[in-house]
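Listed below are the residues making up each chain.
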Amino acid sequence: MSTPANLLDLDRPSMEAFFEGLGQKRFRASQVLKWIHQMGLHEFDQMTNLSKPLRGQLNTIAYVKAPDVVTEQISNDGTRKWFLSFPDGNCIETVFIPEDDRGTLCVSSQVGCPLDCSFCSTGKQGFNRNLSVAEIIGQLWLANHALGHYRNANKEPRIVTNVVMMGMGEPLLNFDNVVKAMNLMMDDLAYGLSKRRVTLSTAGVVPAIDRLKEASSVNLAVSLHAANDRLRNELVPLNRKYPVRDLIAACKRYAEGQTRDVLTFEYVMLADINDSPAHARELARLLNGFPAKVNLIPFNKFPQTIYRRSSQETIDRFRDILLDAGLRTITRKTRGEDIDAACGQLVGRVVPRGKNHLLHRVTLEADE
Ligand code: SAH
């Protein structure tokens, strides 16, 4: 007998295939997706519109299991961070950011990250493995439980209104699982978020940006941080493989033909590194005529970093140069800093895999 399946791993087509494989009608897939994702159930015996024999069968061949919550921290500003663990000992973090008009969940896609951007604490932990679909969508399922969404009888208004794939990891290096999980986020049988409310953030895995356009049309946030290769090679080592010019060309292809603005460029503000007026003008030239927003992110510190955050004055001056050049620019408000939940501060726990955990990084750089 095959090992039981975690049904959180299944998007709509896989769930349909699963039930067809059991000789069941397809609509069983819709029923079970709704029970799991809309109602938050994990016990088949509570899924009252399934026949008793089917529930019994599901109990033996399947289960619904999200990551375990180790701790929950709540910041002074209401931001919440969950430290989640998996049976193999690895841990990740997920963050919920409440605002007046929305609630954003920041979801992780990998245990650690292979990219090792010089200003990001996640990269310093090394990389262990990709998260499964269940481990990705399970973060949204868990947050909905923790925030009381499933206790609210009519499920409206939603508490998590937006999802950003901006937690630990590089989502485009875990392409298939991330796309399936995002499809569940947007599926009316599951979370029903509109694609305007789902954003994937990438350090710039160029071929995967083109694949993403084929697979889904979520918002794309690109971690640019520098407008020239010399500086970007230093900050985002992936740039040695996919230089600025190729990245910008891929962004143009992604934006082409979309009916709404889908692109944001992220730019972390590092004092005396990338924050001068000359850097701002260089960025403005690079993005000239681009249908994109710019998001300036004040650097968040972590132990052992050599970087410092640019002063507010410097950030404002940088922003004004971009605004004058016609770029829609906002400075991201730093949230959850007191509980290390801000951008680039998520560390989780990466179980070492001997030399292997560096393999991915080496492969990325080897074929330059
Ligand atoms: N790997 C993806 C998603 C994770 S990072 C990416 O690179 O986009 C989410 C955002 O936080 C990225 O823009 C990242 O560059 C930024 N970031 C990382 N470390 C940071 C730090 N210490 N301070 C501020 N922003 C940081």
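Keep in mind that what you see is a predicted model, and the values were worked out from it rather than measured. (Residues numbered from 1 in each chain as written. Predicted model: local features only at pLDDT ≥ 70, side-chain atom pairs only at ≥ 80, totals over all residues. Heavy atoms only, no water.)

**Student:** Tell me what's going on with the pairing of strand β6 (residues 103-106), and back it up with residues and numbers.
**Tutor:** Residues G103 and L105 of β6 are buried on one face, and the alternating residues T104 and C106, pointing to the opposite face, are buried as well. Here strand β5 (residues 91-98) folds back onto β6, and the loop between the two strands holds four residues. As paired strands, β6 and strand β9 (residues 162-165) are joined by three bridges and run parallel to one another. From the neighbouring strand, C106 faces β9, where its bridge partner is V164. (Buried < 20%, exposed > 50% of the residue type's maximum accessible area, 1.4 Å probe, protein only. Helix = DSSP H or I, 4+ residues; strand = E, 2+ residues; numbered from the N terminus. Pairing = 2+ DSSP bridges.)

**Student:** Describe the domain arrangement of the protein chain, and please don't skip the residues or the numbers.
**Tutor:** Considered domain by domain, the protein chain is made up of domain 1 (5-63) and domain 2 (68-367). Computed over C-alpha atoms, the centres of domain 1 and domain 2 are 32 Å apart. On the domain 2 side, the residues contacting the 16 residues of domain 1 number 16 residues. When domain 1 packs against domain 2, close to 1,400 Å² is buried across both sides, 58% of that on carbon and sulfur atoms. If you sort the residues of domain 1 by the area they bury against domain 2, L8, H37 and Q38 come out on top, with a joint share of 38%. Between domain 1 and domain 2 we count one salt bridge in total. Between R12 and D187 there is a salt bridge whose closest N-O contact spans 2.6 Å. Among the elements that line the side of domain 1 that touches domain 2, the one with the most residues is helix α2 (residues 27-38), at six residues. (Domains from an automatic or database assignment. Contact = heavy atoms within 4.5 Å. Buried area = accessible area lost by both parts, 1.4 Å probe. Salt bridge = Lys/Arg side-chain N within 4 Å of Asp/Glu carboxyl O.)

**Student:** Tell me about the pairing of strand β14 (residues 328-331), residues and numbers included.
**Tutor:** Summarising the sheet, strand β13 (residues 292-298) and β14 pair through four bridges and their orientation is parallel. Its bridge partner lying in β14, V294 is registered against T329. With respect to chirality, the unit in which β13 leads through helix α11 (residues 312-324) into the neighbouring parallel β14 is right-handed. (Right-handed = clockwise from strand over helix to strand, strands pointing away.)

**Student:** Please provide a residue-by-residue account of the nonpolar core, values included.
**Tutor:** L7, F119, M182, M185 and L212 are the most contacted members of the largest nonpolar core, which has 119 residues in total. Taken domain by domain, this core gets at least three of its residues from each of domain 1 (5-63) and domain 2 (68-367). For F119, the residues in contact, after removing those within four places along its chain, are H225, L235, V236, V268, L270, F299, F302 and Y307. (Core = buried A, V, L, I, M, F, W, Y, C linked by side-chain atoms within 4.5 Å.)

**Student:** Hey, could you go over the packing of helix α7 (residues 206-215) against helix α9 (residues 244-255) for me, with residue numbers and the actual values?
**Tutor:** Viewed as axis vectors pointing N to C, α7 and α9 meet at an angle of 0 degrees, and their least axial separation amounts to 9 Å. Comparing their axes, α9 and α7 come out roughly parallel. In contact with V206, I209, D210, L212 and K213 of α7, α9 contributes D246, L247, A250, R253 and Y254. Residue classes in the contact of α7 with α9 are distributed as six nonpolar, no polar and four charged. (Axes fitted to C-alpha atoms, helices over the stretch in contact; angles between N-to-C directions. Parallel < 35°, antiparallel > 145°, perpendicular 65-115°, else oblique. Nonpolar A, V, L, I, M, F, W, Y, C, P; charged D, E, K, R; others polar.)

**Student:** Outline the site of the ligand, supporting the account with residue identities and numerical values.
**Tutor:** Near the ligand, the surroundings consist of 19 residues, among which F119, S201, S223, H225 and N300 are the closest. Here an oxygen atom of the ligand and a backbone polar atom of T202 are 3.3 Å apart. Note that an oxygen atom of the ligand is positioned 2.6 Å from one of the side-chain N or O atoms of S223. In the complex, the protein chains occlude 96% of the 530 Å² of accessible area that the ligand would expose alone. For the shell around the ligand, the secondary-structure elements that each account for two or more residues are β10 (198-202), β12 (263-269) and β13. When its residues are assigned to classes, the shell around the ligand shows nine nonpolar, eight polar and two charged. (Near = heavy atom within 4 Å. Polar contact = N/O pair within 3.5 Å; in protein donor to acceptor, adjacent residues only side chain to side chain. Areas by Shrake-Rupley, 256 points an atom, 1.4 Å probe, with all protein chains shown as cover.)

**Student:** So what's going on with the pattern of salt bridges? Residues and values would help.
**Tutor:** Side chains carrying opposite charge are able to pair once their charged atoms draw close together. If you walk through the whole model with that rule in mind, you get 19 salt bridges. With its nearest N and O atoms 2.7 Å apart, the salt bridge here joins R129 to D88. Here the residue R129 occupies a position in strand β8 (residues 127-130), and D88 occupies one in the loop between β4 (80-85) and β5, the gap between them amounting to 41 residues. Given the relative accessible area of 38%, D88 is considered partly exposed. The partner of E266 in a salt bridge is R332, with the nearest N and O atoms 3.2 Å apart. Taken together, the positions of E266 in strand β12 and R332 in the loop between β14 and α12 (359-366) put the pair 66 residues apart, joining distant regions of the chain. With respect to burial, E266 and R332 carry one shared label: buried.

**Student:** Describe the state of the cysteines, with residues and values.
**Tutor:** Applying the stated criterion to the full structure yields zero disulfides. Here C343 stays free of any disulfide, with the sulfur of C106 as its closest cysteine sulfur at 6.9 Å. Here C343 falls in the partly exposed class, since its relative accessible area comes to 35%. (Disulfide = S-S within 2.5 Å.)

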